[in-house]
Protein chains: 2
Amino acid sequence: MAAQPVTKTARHPGRRRDRAATRAALLDAARRRFGRQGYEGTGLREIAADVGVDPALIPRYFGSKRALYAEAVHVEIPSGLAADVNAPVPHLADALLREVVFGDWPGFDGEHPLVAMLRSAGHSDVRDLLRHQLCDGYLNALSGRLDGPDAALRAELLGALLIGMGVLRSVVGSPALSDATYEQLRPLVARLSAALAAAPAVKGSSGGGSRGGPRRGEASR
Amino acid sequence: MAAQPVTKTARHPGRRRDRAATRAALLDAARRRFGRQGYEGTGLREIAADVGVDPALIPRYFGSKRALYAEAVHVEIPSGLAADVNAPVPHLADALLREVVFGDWPGFDGEHPLVAMLRSAGHSDVRDLLRHQLCDGYLNALSGRLDGPDAALRAELLGALLIGMGVLRSVVGSPALSDATYEQLRPLVARLSAALAAAPAVKGSSGGGSRGGPRRGEASR
DNA sequence: CCCACAAGTCATCGTTCGTTGACTTGGAGG
DNA sequence: CCTCCAAGTCAACGAACGATGACTTGTGGG
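Criteria and thresholds
In every chain, residue numbers begin from 1 and rise along the written sequence. Each chain gets a letter, beginning with A, and each ligand a number, beginning with 1, in the order they are written. Where totals are concerned, whole chains, interfaces and linings use all residues; where local detail is concerned, this predicted model gives features only for residues with pLDDT of at least 70, and gives and counts side-chain atom pairs only at 80 or more. With hydrogens and water stripped out, all remaining heavy atoms of the structure feed into the side-chain values. Runs of E in the DSSP output that reach at least two residues are strands. Runs of H or I that reach at least four are helices, and both are numbered from the N terminus. Throughout, exposure labels follow a simple rule: accessible area from a 1.4 Å probe, protein chains only, divided by the maximum for the residue type, with under 20% read as buried, over 50% as exposed, and the rest as partly exposed. In this analysis, two residues are considered to be in contact whenever any of their non-hydrogen atoms come within 4.5 Å of each other. Surface accessibility follows the Shrake-Rupley procedure with a 1.4 Å probe radius. Residue values consider only the protein chains on display as shielding. Here the copies are matched by least squares. The fit uses the C-alpha atoms of residues with pLDDT of at least 70 in both. A fitted line through C-alpha atoms serves as each axis, taken over the contacting stretch for helices, and the angle formed by two N-to-C directions is quoted from 0 to 180°. Note on angle classes: values under 35 degrees are labelled roughly parallel, values over 145 roughly antiparallel, values of 65 to 115 roughly perpendicular, and the remainder oblique. Residues are grouped as follows: Ala, Val, Leu, Ile, Met, Phe, Trp, Tyr, Cys and Pro are nonpolar; Asp, Glu, Lys and Arg are charged; all remaining types, including Gly, are polar. Put simply, a crossing is left-handed when the front helix is turned counterclockwise from the back one by less than a right angle, and right-handed when it is turned clockwise. Two parts lose some accessible area (1.4 Å probe) when they are put together, and adding that loss for both gives the buried area. We define a salt bridge as a side-chain nitrogen of Lys or Arg found within 4 Å of a carboxyl oxygen belonging to Asp or Glu. Polar contact is the term for a pair of N or O atoms within 3.5 Å; when the atoms are in protein, one must be able to donate a hydrogen and the other to accept it, and sequence-neighboring residues count only if both atoms are side-chain atoms. To estimate how far a helix should reach, multiply one less than its number of residues by 1.5 Å. Ring pairs shown here join Phe, Tyr and Trp side chains whose ring centres sit within 6.5 Å, with only the six-membered ring taken for Trp; geometry is labelled stacked below 30 degrees between planes, edge-to-face above 60, and tilted in between.

K.L.:
For this particular structure, what's the right way to read the overall build of chain A?
P.N.:
On a plain count of helices and strands, chain A comes out with eleven helices and zero strands. Secondary structure elements in chain A, listed N-terminal to C-terminal, are α-α-α-α-α-α-α-α-α-α-α. Out of the 221 residues in chain A, the part that is buried amounts to 47%. Summarising the internal contacts of chain A: among those between residues at least 6 apart in sequence, 61% fall at separations of at least 24. In the structure as shown, chain A presents an accessible area of about 10800 Å², 52% of it carried by carbon and sulfur atoms.

K.L.:
Please clarify how the relation of the copies chain A and chain B should be interpreted in this entry.
P.N.:
These two copies of the chain differ by a rotation about an axis and a displacement along the same axis. Of the transformation placing chain A onto chain B, the axial shift is 0.0 Å and the rotation is 180 degrees, giving an RMSD of 0.1 Å. Such values leave the two copies arranged in the relation of a two-fold axis.

K.L.:
I'm lost on the packing of helix H9 (residues 151-172) of chain A against helix H8 (residues 151-172) of chain B in this one. Help?
P.N.:
Helix-helix packing: each pair is described by the crossing angle between the helix axes and the interaxial distance. Here H9 of chain A crosses H8 of chain B at 110 degrees, and the two axes come no closer than 6 Å. It follows from the interaxial angle that H9 of chain A and H8 of chain B lie roughly perpendicular. In contact with Glu156, Leu157, Gly159, Ala160, Leu161, Ile163, Gly164, Met165, Val167 and Leu168 of chain A of H9 of chain A, H8 of chain B contributes Glu156, Leu157, Gly159, Ala160, Leu161, Ile163, Gly164, Met165, Val167 and Leu168 of chain B. Residue classes in the contact of H9 of chain A with H8 of chain B are distributed as 14 nonpolar, four polar and two charged.

K.L.:
Got a minute to help me understand the packing of helix H6 (residues 89-101) of chain A against H9 of chain A in this structure?
P.N.:
Residue and element names in this part refer to chain A. Axis separation between H6 and H9 bottoms out at 10 Å; the angle between their running directions is 30 degrees. Comparing the axis directions of H6 and H9 gives the class roughly parallel. For the element pair H6 and H9, the recorded crossing hand is right-handed. Counting all contacts with H6, which are made through Ala93, Leu96, Leu97 and Val101, the residues of H9 involved are Leu158, Leu162, Met165 and Arg169. For the contact of H6 with H9, a count of residues per class yields seven nonpolar, no polar and one charged.

K.L.:
Is there a simple way to explain the interface of chain A and chain B in this structure?
P.N.:
Much of the literature gives interface size as the accessible area that the parts lose upon coming together. Between chain A and chain B, the contact holds 54 residues from the first and 52 residues from the second. Around 4500 Å² of area is buried between chain A and chain B when both sides are counted, 70% of it from carbon and sulfur atoms. Inspection of the region where chain A meets chain B yields zero salt bridges. Counting every contact that joins chain A to chain B gives eleven residue pairs in polar contact (both at pLDDT 80 or more). Across the side of chain A that touches chain B, the residue classes break down as 30 nonpolar, nine polar and 15 charged.

K.L.:
What exactly am I supposed to notice about H6 of chain A here?
P.N.:
Owing to its 3.6 residues per turn, the α-helix brings residues three or four apart onto one side. Residue and element names in this part refer to chain A. Taking 1.5 Å per residue as the helical rise, H6 with its 13 residues ought to reach 18 Å, and the 17 Å between its terminal C-alpha atoms agrees with that figure. Where burial is concerned, most of H6 is hidden: ten out of the 13 residues are buried. Val89, Pro90, Leu92, Ala93, Asp94, Leu96, Leu97, Glu99, Val100 and Val101 are the residues of H6 that are buried.

K.L.:
How do you make sense of the packing of aromatic side chains when you look at a structure like this?
P.N.:
The geometry of two aromatic rings is summed up by the distance between their centres and the angle between their planes. Residues and elements named next belong to chain B. Following the criterion strictly, the structure yields eight aromatic pairs over all chains and no others. Where phenylalanine 34 meets tyrosine 39, the ring centres are 5.8 Å apart and the plane angle is 25 degrees; that geometry is what we call stacked. Of the residues examined, phenylalanine 34 reaches a relative accessible area of 2% and is grouped as buried. Classification of tyrosine 39 by relative accessible area gives buried; the value is 10%. Both rings, one in tyrosine 39 and one in tyrosine 69, keep their centres 5.2 Å apart while their planes meet at 75 degrees; by these two values the pair is edge-to-face.

K.L.:
Looking at this structure, how should I read the pattern of salt bridges?
P.N.:
Close approach of charged atoms allows side chains with opposite charge to pair. Evaluation of the coordinates by the stated rule reveals 22 salt bridges over all chains. In this structure, arginine 98 of chain B and aspartate 94 of chain B form a salt bridge, with 3.1 Å as the shortest nitrogen-oxygen distance. Here the residue arginine 98 of chain B and the residue aspartate 94 of chain B both occupy positions in helix H5 (residues 89-101), the gap between them amounting to four residues, near one helical turn. Aspartate 94 of chain B sits in the buried class, given a relative accessible area of 14%. The structure contains a network of salt bridges with shared partners spanning Asp28, Arg32, Arg36 and Asp109 of chain A.

What follows is the structure, given as structure tokens:
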């Protein structure tokens, strides 16, 4: 990032008169505000005040508040997931734990954008966006590595665990999970993902555990 | 039905001129609206229109919108939990699954009030209420039945799973979990809760005395 | 040096919000 | 039947909202 092509004099510290930089700063402030307060709870005047510009710039640069929100919450999931396609499920779960729960998302105050989006889940388009990003970004990649008739269901259960952990940590602030470190949580999540990776007990699924088999699960109920 | 002590003539179907009944109807409509749209996304005129009365009744009967919200989301957790104190953890997890995920909460459109409250989690007092109800109502009862140094953490992990399931089902609407039945989910949750109920495996990694260690996760930048 | 154009500001519009006070109406008691 | 009080309605308020158009100001190119 060759910082700025300063043409003449860089007198002002951050922003001189740069449309792109102002737009990016507005987008960043919008991410934070929308994530923390939800869509309806955030005013354009707040976002503009965070950046230090006039609120009228927002409808100008983004079209409308709703378009700003759509652009703010749209984040491509980096998905180190897609990289290691052949990784076993517990390794994937570990990667997801690191990324979804413990990854610091710079524009979102350290919480995962999907968790932040939950606060604005009153609108149906937010629901659609959430479902799309979650299912296509994470769950599909996960369920493809499971087998059995309810692979999708077990993948979503793992997703529910991770989403719930994010919610408890950054929304609710439950004591134990909020203070837990990654090293503390890793073996527990590994145990849970192993329990989910095992093929379903019933359903007449033949040949127990095609891939690696049940890892150390005492799956007996 | 027809349990109303009709004093003279029961001409109007539902409500004649009954302050208590109108108040209760407003509270119920408020629960539904706040749960579905969040606090900021709900207007008093909407709630009043659902009941069919004038919006001015709400500040009159409840004091303010905020007080109405506080009264609407305050629900005592029935907690068949506290009843069977000696039930083993998997049985408890099953009861929680039935109650939290599949219980139909009449005033909240079938989703758990804690999940509904997530949509208004922008305010710190909602966060406090959530944490209080969740921790004191569910997690404490759960962690008391686990042992080991991280009993609270494992209890919160189970809570995270259930909360995440509720979120995925009623907020996100992920396909597999939304269509799943209780009978489908029960064995899976049983497996997970069994994995959590087991005593923590002795992690030989941190042999040193300093608990936890100041290890900070590698902050990918 | 200066000037045109874009970046940013200002005043303001129409709407909707929560809330308030004055008014109207229904229904039970005398 | 009349009266009175509470339940409910109506109109309106000030504030905040998103959005718009006209204006001001800074800056790079000539």
